[in-house]
Amino acid sequence: MRKTLMIGAMIWPILSWSQSCDEQNIKLQVLGSGGPELSDGRVSSSHLLWVNGKAEVLIDAGSGSAHQFELVEAKSEDLKAILLTHLHIDHSADLPAYIKDSYFTERKNDLWVMGPKGNNRMPDTSVYLERLFGQNGAYSYMKRYLLPNRHSSYKIKAIDVALDANKIERHTLSGGINVSSIGVHHGPISAVGWRVDIGDCGITFSGDMSNHNNSLAKLAQGSEMLVANNTIKEEATDRAKNMHMPPSEIGKIAAQAKVKKLLLAHLMHSSLPYLDQTTSVIKKTYQGPVLVAEDLMLIDLK
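Everything numeric here is computed off the predicted structure, so don't read it as measured data.

Draft legend 1. Just the overall build of the protein chain, in detail. Secondary structure summary: the protein chain contains 8 helices and 16 strands in total. Over its C-alpha trace the protein chain gives a radius of gyration of 18 Å, about what one expects of a compact globule, namely 19 Å for 302 residues. Principal-axis analysis of the C-alpha atoms places the extent of the protein chain at approximately 55 × 45 × 35 Å. For the protein chain, with 302 residues in total, the buried portion stands at 56%. Taking contacts inside the protein chain between residues at least 6 apart in sequence as the whole, the part at least 24 apart equals 64%. On the protein chain, roughly 13,000 Å² of surface is accessible, and the fraction owed to carbon and sulfur atoms is 51%. Within the protein chain, the 32 negative side-chain charges are centred at a point lying 6 Å from the centre of the 32 positive side-chain charges.

As structure tokens, then:
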């Protein structure tokens, strides 16, 4: 028996089978392991999920990630969804490049762009897209891909996900890919964590967050991998800890969620010199493997 879940106007089947990461040949590629600094030698935050040799889900689109996408020979027409943890520049700046590339492809399927609802600091993700590609947007020459009354080979479909830290919101893509989000605390910035489940293979992405509301462990339960943004050291200021989680919080989340592996990402000058200390702090509570992200790193999830 197949069940269905509606996303907007589309209905996709939820496949009843379960397969492991290895059986489905799922790989995680780090397109960008850095933050907003232009002096760290790293591309800004972005991760790509490969499923049976196709680049199907992009999580964040920081500056430089589109070039990395090209280097790994991914195809934008294979993308089913772009998931944005929040709309800071180092997580979203390259989004227009992926849309522009679609003009030169045979893409026919709609592209889901999902991100957080707005607050008094940040716009809804749908408003962000309107400001980029709408009638009066910065790139209005691409408006046919967003506006429903314009003919185009496919449409950008926006979903604004809730900022609720106590409730997981779920959506289903084609091919039985399930994506889930939960609100996370990133100071005054609207932000969410994401989880992608394909069969029995679950990968969770923290985005930038402080863990003040203790929400991410609920989302990450039993994940094959948790990608945790390590932006600050343990002895960071209270101001920094209001925006980002120190290593002790990363370890606590990984242990509570019983994740199989942990990947430290979004590394900056404020965290890079302290990686040995960070790992030691994390291992006080989490005993699993701790990896450190590098640009273009490819991880077999099995």
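Draft legend 2. Spatial organisation of the pattern of salt bridges. For the structure on display, the rule yields 7 salt bridges. Two residues, D197 and R195, come together in a salt bridge whose shortest N-O distance is 2.8 Å. According to the relative accessible area criterion, R195 is buried, its value standing at 12%. Across the pair K252 and E249 runs a salt bridge whose closest N-O atoms are separated by 3.2 Å. Linking K252 with E249, this pair stays in helix α7 (residues 247-257), spanning 3 residues, or about one helical turn.

Draft legend 3. Expanded view of the packing of aromatic side chains. Per the stated rule, a full pass over the model turns up 4 aromatic pairs. An angle of 90° between the planes, with centres 5.2 Å apart, marks the rings of F69 and Y98 as edge-to-face. Here F69 is found in helix α1 (residues 65-71), whereas its partner Y98 is found in helix α3 (residues 95-102), with 29 residues between them in sequence. On the basis of relative accessibility, which here comes to 5%, the residue F69 falls in the buried class. On the basis of an interplanar angle of 90° and a centroid distance of 4.9 Å, the ring pair of Y103 and F104 is categorised as edge-to-face.

Draft legend 4. Fine view of the confidence of the model for the protein chain. Overall, the predicted model of the protein chain reaches an average pLDDT of 94, with 94% of residues at or above 70. Across residues 1-16, where pLDDT falls below 50, the model places 32 contacts with residues more than four positions away in sequence or in other chains.

Draft legend 5. Broad picture of the packing of α7 against helix α8 (residues 275-282). Here α7 crosses α8 at 40°, and the two axes come no closer than 8 Å. Classified by the angle their axes make, α7 and α8 are oblique. As α7 runs across α8, the sense of the crossing is right-handed. The segment α7 lies against α8, with P247, S248, I250 and G251 engaging T278, V281 and I282. Taken together, the residues that form the contact of α7 with α8 break down as 4 nonpolar, 3 polar and no charged.

Draft legend 6. Expanded view of the pairing of strand β9 (residues 169-172). Of the pairings in the sheet, the one linking β9 to strand β10 (residues 177-183) comprises 4 bridges and is antiparallel in character. Bridge pairing in β10 links T172 to N178.

What counts and what doesn't
Residues numbered from 1 in each chain as written. Predicted model: local features only at pLDDT ≥ 70, side-chain atom pairs only at ≥ 80, totals over all residues. Heavy atoms only, no water. Helix = DSSP H or I, 4+ residues; strand = E, 2+ residues; numbered from the N terminus. Rg over C-alpha atoms; globule rule 2.2 N^0.38 Å. Buried < 20%, exposed > 50% of the residue type's maximum accessible area, 1.4 Å probe, protein only. Contact = heavy atoms within 4.5 Å. Areas by Shrake-Rupley, 256 points an atom, 1.4 Å probe, with all protein chains shown as cover. Lys, Arg positive; Asp, Glu negative; His and termini not counted. Charge placed at Lys NZ, Arg CZ, Asp CG, Glu CD. Salt bridge = Lys/Arg side-chain N within 4 Å of Asp/Glu carboxyl O. Phe/Tyr/Trp six-rings, centres within 6.5 Å; stacked < 30°, edge-to-face > 60°. pLDDT = per-residue confidence, 0-100. Axes fitted to C-alpha atoms, helices over the stretch in contact; angles between N-to-C directions. Parallel < 35°, antiparallel > 145°, perpendicular 65-115°, else oblique. Left-handed = near helix turned anticlockwise from the far one by under 90°. Nonpolar A, V, L, I, M, F, W, Y, C, P; charged D, E, K, R; others polar. Pairing = 2+ DSSP bridges.

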